[in-house]
Every structure is written in structure tokens, then in C-alpha cells.
Amino acid sequence: MAETPDFGNNWQNAHTFSADGSVVEGSLNTGGDVDWLKFIPSPQYIYAVSCSSIDAGYTDFQIFSANKYNSMIYEITSEESLSSTSFTFYIYCETPAAIYVKVYDNDGDYEISAWADRAFPLDSYSDACSSPHNITLSGQTTVI
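Fair warning: this is a prediction, and the values are worked out from it, not measured in the lab.

Caption draft 1: Just the layout of surface pockets, in detail. Put simply, the largest pocket is a space of about 290 Å³. Lining the largest pocket are 15 residues, with Ser-65, Ala-66, Tyr-74, Glu-94 and Thr-95 sitting closest to its centre. Only strand S5 (60-66) and strand S7 (86-93) provide two or more residues apiece to the lining of the largest pocket. Here the lining of the largest pocket gets three residues from one element, more than from any other, and that element is S7. Looking at the lining of the largest pocket residue by residue, the class counts come to nine nonpolar, three polar and three charged.

What follows is the structure, encoded as C-alpha cells:
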């Protein structure tokens, strides 16, 4: 039996929510249920993403980012950073590529919210490998 609402079970079918600080409540059922949620950030902002496991059971959260074409996602969190039942994770969003939250492991209720924490302007460095920014290293070099 699926929970209500039953959010998407993969990143391609993720439930879109607003990153305005409002709370999205969800629930996982037994049997390997997974929920995926996403928001579309405004570029050049640092976003805060808050995840909380409401029930006593430990719920895992992972945060992913899409590439600028929304054709591939990659994890921007690690198991070590999500070792509690409640956390807030900060993400710099240079582009409006979707940010995904995967919720899994143990049945129970959870809450997720996201908001633009502060503006952060682009740096002057190129993002292209074909035109990297040159750096000059100085000091003593030790070869071991």
C-alpha cells in the first residue's frame, strides 16, 4: 500500500516543491519505499535544505544536483554528513539546475524544506576546461 501522497520513486519522476521555506511532509512505507523530491533554484544563491525524520525510525536523506542540461545527477552529500535524523545542508547553486532529495530507509514520516539563504555572485573564473584560470605557485617544494 502506497503512502499519501506517494512521491516519485526515481529522480526522473521526482515531486517538485517550492524552495520558499515551506515544509513538505512525506511518509515512507515498509518494503523499500523511496521518495524523490526536487526544487529548481534561482542561480547564484546559496540554498539551505533541511531534512528531518519525524518518527523514531532512522530515515536516510541524500541530496543530488542535476547538470545544467538536467540529463544526469550526482550526489553532493555523503553518508558522513547525514549521520543524524535532522540536518540542514547548504548548497551553492550557480545555475538553475534542479536539486534533488532522496528519502529512503525505514518507514515513517519526514519533513523537507528549502530556501534561498543568501545571494552569492559568480566568480570571475572560467567554467570551461578549454580556458582554465592560470595560477602561480610559489614556495619550497619537497619531494618525498
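Having put the structure on the table, let's press on.
Caption draft 2: Just the packing of aromatic side chains, in detail. All told, the structure shown has nine aromatic pairs when counted by the stated rule. Ring geometry for Trp-36 versus Tyr-100: centroids 6.4 Å apart, planes at 75 degrees, classification edge-to-face. Of this pair, Trp-36 sits in strand S3 (residues 34-39) while Tyr-100 is found in strand S8 (residues 99-104), placing the two residues 64 residues apart along the sequence. Given the relative accessible area of 3%, Tyr-100 is considered buried.

Caption draft 3: Quick peek at the pairing of S8. With respect to burial, S8 is a largely interior element, five of its six residues being buried. Sheet topology note: the S3/S8 ladder contains six bridges and is antiparallel. The residue bridging Asp-35 from the neighbouring strand is Val-103, located in S8. Of the strand pairs in this sheet, S5 and S8 are connected by six bridges, and their pairing is antiparallel. Looking across to S8, one finds that Ile-63 is bridged to Val-101.

Caption draft 4: Inspection of the pairing of strand S4 (residues 45-53) at higher detail. For S4, the buried fraction is high: eight of the nine residues fall into the buried class. Looking at chain direction, S4 and strand S9 (residues 108-119) are connected through nine bridges and run antiparallel. The residue of S9 that forms the bridge with Tyr-45 is Ala-119.

Caption draft 5: Geometry of a negative patch on the surface. Taken together, Glu-25, Asp-55, Asp-107 and Asp-109 make up a surface patch of like negative charges. Of note, Asp-109 is situated in strand S9.

Caption draft 6: Spatial organisation of the pattern of salt bridges. Within this structure, the stated rule accounts for one salt bridge. Notably, a salt bridge pairs Asp-117 with Arg-118, separated by 2.8 Å at the nearest N-O pair. The exposure class assigned to Asp-117 is partly exposed, which follows from its relative accessible area of 33%.

Cut-offs applied
Residues numbered from 1 in each chain as written. Predicted model: local features only at pLDDT ≥ 70, side-chain atom pairs only at ≥ 80, totals over all residues. Heavy atoms only, no water. 1 Å grid on protein atoms, 1.4 Å probe; cavity = no way out; pocket = protein on both sides within 12 Å on 5 of 7 lines; lining within 4 Å. Points joined across faces, edges and corners; volume = space filled by probe spheres on them. Helix = DSSP H or I, 4+ residues; strand = E, 2+ residues; numbered from the N terminus. Nonpolar A, V, L, I, M, F, W, Y, C, P; charged D, E, K, R; others polar. Phe/Tyr/Trp six-rings, centres within 6.5 Å; stacked < 30°, edge-to-face > 60°. Buried < 20%, exposed > 50% of the residue type's maximum accessible area, 1.4 Å probe, protein only. Pairing = 2+ DSSP bridges. Patch = residues over 30% accessible without salt bridge, like charges linked within 9 Å, V, L, I, M, F, W, Y side chains within 5 Å. Areas by Shrake-Rupley, 256 points an atom, 1.4 Å probe, with all protein chains shown as cover. Salt bridge = Lys/Arg side-chain N within 4 Å of Asp/Glu carboxyl O. Lys, Arg positive; Asp, Glu negative; His and termini not counted. Charge placed at Lys NZ, Arg CZ, Asp CG, Glu CD.

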